[in-house]
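# Notes for the structure review
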Amino acid sequence: MIFAANFKTNHTRSSTASYLQQLDSFMQFQPEESRCMVFPPLTALDSFGLKRVEVGVQNAYPMQKGSMTGEVGSEQLEEFGVGSIILGHSERRHKLGETQELIAQKYEYFKEREFTIVYCIGEPLEVRKSGDLKEYLGSQLENIDLAYERLIIAYEPVWAIGTGESADRETIAQTHDMLRQMVGSVPLLYGGSVKPDGIQEITGIENVEGVLVGSASLDVKSFEAIISNAQA
Ligand code: PEP
């Protein structure tokens, strides 16, 4: 199982450091096959010396270094040994207007540098209600190399993100079955209001290989409860 925490615009450098030390100690007692990833804000990056927790970034620009005001390139990530990145998150697609073309450009760049890529896709409510779901999710995979061995796909329905209401079992099962046909053996995470309660129901679904967690990951005890409840 893969457990990924997306802090978004939360936590400081010092609160991230203590969170990671605590989580890393907790992870030493978890099964070897459990993979734990945390994506703090860029300002919190540091050399943490962790054993079981991988630290990644929520975004970066597809260049080593250069002139791109306000952005961070791979040289700045390498300084801290960062090797994982989230791409295609719905907040970047829908609130910041990031296009599929730019996302695919970032994908190619970080693929060439052998980053683990947690690639997010997900439909808004109007598509879920009356659109062509397969076509919509397919368009978010345009120009994305699905054969890349360090790719993880997170299915995150936009209508379930940050609402406190996760998608129901049936919806997750059907969508992940459909995605399995579309993406082959790429690990599939579910994201959208995942909480410690009910986690077993989600991780017990076929074709769900883990979860991407926003709000319920911000408190380390809550994220640890997600990890241990999923495996209970
Ligand atoms: C997310 O935005 O990646 C996410 C899953 O958020 P939340 O858990 O708060 O719905």
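These lines cover the structure that appears in this document, whether it is placed above or below. (Residues numbered from 1 in each chain as written. Predicted model: local features only at pLDDT ≥ 70, side-chain atom pairs only at ≥ 80, totals over all residues. Heavy atoms only, no water.)

## Regarding the overall build of the protein chain
- Looking only at helices and strands, the protein chain features 9 helices and 8 strands.
- Projected onto its principal axes, the C-alpha positions of the protein chain cover 45 × 45 × 30 Å.
- Per-residue burial for the protein chain yields a buried fraction of 51% across its 232 residues.
- Within the structure as shown, the protein chain displays about 10700 Å² of accessible surface, and the carbon and sulfur contribution to it stands at 47%.
- Here the protein chain contributes 20 positive and 33 negative side-chain charges, whose respective centroids are spaced 2 Å apart. (Helix = DSSP H or I, 4+ residues; strand = E, 2+ residues; numbered from the N terminus. Buried < 20%, exposed > 50% of the residue type's maximum accessible area, 1.4 Å probe, protein only. Areas by Shrake-Rupley, 256 points an atom, 1.4 Å probe, with all protein chains shown as cover. Lys, Arg positive; Asp, Glu negative; His and termini not counted. Charge placed at Lys NZ, Arg CZ, Asp CG, Glu CD.)

## What about the side chain of E156?
- Examined against the element boundaries, E156 turns out to sit in the loop between β6 (151-155) and α7 (169-183).
- There is no salt bridge for the buried E156, and the closest opposite charge comes from K8, which lies 6.8 Å off by N-O distance.
- Within the local environment of E156, its side chain forms a polar contact with the side chain of H89, the two groups lying 3.4 Å apart.
- Those residues in contact with E156, other than ones at most four positions away along the chain, are H89, C120, I121, G122, E123, I161, G191, G192 and L212. (Salt bridge = Lys/Arg side-chain N within 4 Å of Asp/Glu carboxyl O. Polar contact = N/O pair within 3.5 Å; in protein donor to acceptor, adjacent residues only side chain to side chain. Contact = heavy atoms within 4.5 Å.)

## Observations concerning the environment of P41
- Along the chain, P41 falls in the loop between β2 (35-39) and β3 (53-55).
- Residues P41 and K8, spaced 33 residues apart in sequence, show a C-alpha to C-alpha distance of 6.4 Å.
- Sequence-distant contacts of P41, defined by excluding residues within four places in its chain, comprise F7, K8, N10, H11 and Q58.

## Some words on the packing of aromatic side chains
- Using the criterion set out here, one finds 6 aromatic pairs in the structure.
- Centroid distance F7 to Y19: 4.8 Å. Interplanar angle 80 degrees. Geometry classified as edge-to-face. Taken as a pair, F7 in the loop between β1 (2-6) and α1 (13-27) and Y19 in helix α1 lie far apart in primary sequence, 12 residues in all.
- Arranged with centres 5.0 Å apart and planes meeting at 65 degrees, the rings of F110 and F115 form a pair that is edge-to-face.
- We classify F110 as buried; its relative accessible area is 0%.
- Note on F115: relative accessible area 3%, which makes it buried.
- Here the aromatic residues Y107, Y119 and Y148 are joined through ring pairs into a cluster of three or more.
- A cation over a ring is seen here: R113 above Y109, with NZ or CZ 3.6 Å from the ring centre. (Phe/Tyr/Trp six-rings, centres within 6.5 Å; stacked < 30°, edge-to-face > 60°. Lys NZ or Arg CZ within 6 Å of the ring centre and 35° of its normal.)

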